[in-house]
Amino acid sequence: MADNERGAGRQREWKLKRGLDAFGNIFGINVCFVIGCLPVITVGASLAAAYAMSIRLQENEEETVLRGFIHEFKRSFKQATIAWIGMLVVAAVLVAEWILVNTQTGAISVFYTIVFYLELLFSALALAYLFPLIARFKTTAKQAAKNSILLSVGYIFSFIKITVAWVAPIALSIIYPIIFLHTWYLWLLVFFGAIIWGTSHTVRYVIGQNEEALKNTEEERAEEERKKEEAERLKEEGREILEEAKRQEREAAASGDEAAASGSGDTASGNDEASEASGNDDSSADASGSRTENDGDDTSEESDGSSGGIRREPSTQTKLPPDQQRQKKQGQNKQDQNKQGQKKQGQNKQGQKKQGQKKQGQNKQGQNKQGQNKQGQNKQSQNKQNQSKKNRPAAKQK
């Protein structure tokens, strides 16, 4: 009998200790939740963090309420805020439809009423497990709403318990303001925490029955997102490669234009030198002609040697990634274009020098012909003068 009394006493003490721990956790969760809701826009993140801490404490995870609440608040802030904003939009639409229903009469009023209640039921199904799922899994607000609808339909009694636990006390406080006036401080201390703590048991049971399926769904979603990100990354890399190729083409075209401009300048300078050389006297023309001929031979030999000496290094047999192979081909094409431009410049210079030499030779031949003509004319005039002198004494003798 004594042992039984001691066991019963220990059991009562254990229950009392557990009840006090639960009350302390409810109080801490309620205070953190109320403080987190003060900016209004953070109500969703605060509710998700409160559910996360409630489930973790019920699973006997040793952690302080404040530190864990802050961690969960930060982790689920983005998706929970998106879900909260969507919830506010849906609530505004429902209020507008309710006002429209009250202003209509007849069959149209019945139709709007049916639509209103269907939308209200659909919103309740999506809302029942929305924030607990965001708190439990790393998911998006849209996917969490879909999973909440499926869980609510599959576990309809659990859905009813969660809905009544939230709607009943809030509706009573709104319909009967006198109740809220006498209990407002309890909302700030324990009521929100008690509702979250009580519904967390039902949420744990439903999620635990479908945790594997929910994890698989989240893994599939994460895999799809990873594939999309990989496709976007590859697309961005392809765009960068195309831009780099276009830039190199523009640089190659600009270098070709510069080579053509330098070739035209060399042509003009060659023509000026040829005109100056043709205006000199015969001796300077001969000397310059001989020098230009020698220079022409030397330059032709050098150009022949340079043109014949262009070689390409044999490509290595090691396999490179496609991006490096493409860049290597572009660099080789650019080098080939530069070499072709240099070759064309050398050919233009050779042609200019040959034209100058040809003009100088023609000028020299013309000058020689003119000198020969003058010498012939001088000889003819001298012969005429000699003949006239010989004829004068003969005439005198006659």
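Keep in mind the model is a prediction, meaning the values are calculated, not measured.

Describe the overall build of the protein, listing the residues and the values that go with them.
Counting its regular elements, the protein contains 12 helices and 0 strands. Starting at the N terminus and ending at the C terminus, the protein contains elements arranged as α-α-α-α-α-α-α-α-α-α-α-α. Here the protein, with 398 residues, has 26% of them falling under the buried criterion. When contacts within the protein are restricted to residue pairs at least 6 apart in sequence, long-range pairs at least 24 apart make up 75% of them.

Break down the nonpolar core for me, citing the residues and quoting the values.
Tyr129 and Leu133 are the most contacted members of the largest nonpolar core, which has 49 residues in total. For this core, the leading source of residues is helix α2 (residues 43–58), giving 11 residues. Excluding its chain neighbours within four sequence positions, the residues that come into contact with leucine 133 are Thr139, Ala144, Asn147, Ser148, Leu151, Ile207 and Leu214.

Would you mind going over the packing of aromatic side chains in detail, with residue names and values included?
Any two aromatic rings considered together are summarised by their centre-to-centre distance and by the angle between their planes. Summed over the entire model, instances satisfying the criterion amount to 9 aromatic pairs. Between phenylalanine 111 and tyrosine 112 the ring centres are 5.9 Å apart and the planes differ by 50 degrees, which places this aromatic pair in the tilted class. The exposure class of tyrosine 112 is partly exposed, given its relative accessible area of 30%. Ring centres of tryptophan 187 and phenylalanine 192 lie 5.0 Å apart, and the angle between their planes is 55 degrees; on these two criteria the pair is classed as tilted.

Got a sec to walk through the confidence of the model for the protein? Specific residues and values, please.
Across the protein, the average pLDDT comes to 78, with 73% of residues at or above 70. Confidence over residues 277–317 falls short of pLDDT 50; this stretch has 21 contacts with residues more than four positions distant or in other chains. Every residue in residues 393–398 scores below 50 in pLDDT, and together they form 0 contacts with partners more than four places removed in sequence or on other chains.

Pulling in residues and values, what's your account of the pattern of salt bridges?
Using the criterion set out here, one finds 9 salt bridges in the structure. For glutamate 72, the salt bridge is made with arginine 75, and the minimal N-O distance between the two is 3.1 Å. You can see glutamate 72 and its partner arginine 75 sitting in helix α3 (residues 65–75), 3 residues apart, about one turn around the helix. With a shortest N-O distance of 2.6 Å, arginine 233 and glutamate 237 are connected by a salt bridge. Taken together, the positions of arginine 233 and glutamate 237, both in helix α10 (residues 211–278) and 4 residues apart, correspond to about one turn of that helix. The class for arginine 233 is partly exposed, based on a relative accessible area of 37%. The class for glutamate 237 is partly exposed, based on a relative accessible area of 31%. Counted as one network, the salt bridges with shared partners bring together Arg56, Glu72 and Arg75.

Reading guide: rules and limits
- Residues numbered from 1 in each chain as written.
- Predicted model: local features only at pLDDT ≥ 70, side-chain atom pairs only at ≥ 80, totals over all residues.
- Heavy atoms only, no water.
- Helix = DSSP H or I, 4+ residues; strand = E, 2+ residues; numbered from the N terminus.
- Buried < 20%, exposed > 50% of the residue type's maximum accessible area, 1.4 Å probe, protein only.
- Contact = heavy atoms within 4.5 Å.
- Core = buried A, V, L, I, M, F, W, Y, C linked by side-chain atoms within 4.5 Å.
- Phe/Tyr/Trp six-rings, centres within 6.5 Å; stacked < 30°, edge-to-face > 60°.
- pLDDT = per-residue confidence, 0-100.
- Salt bridge = Lys/Arg side-chain N within 4 Å of Asp/Glu carboxyl O.

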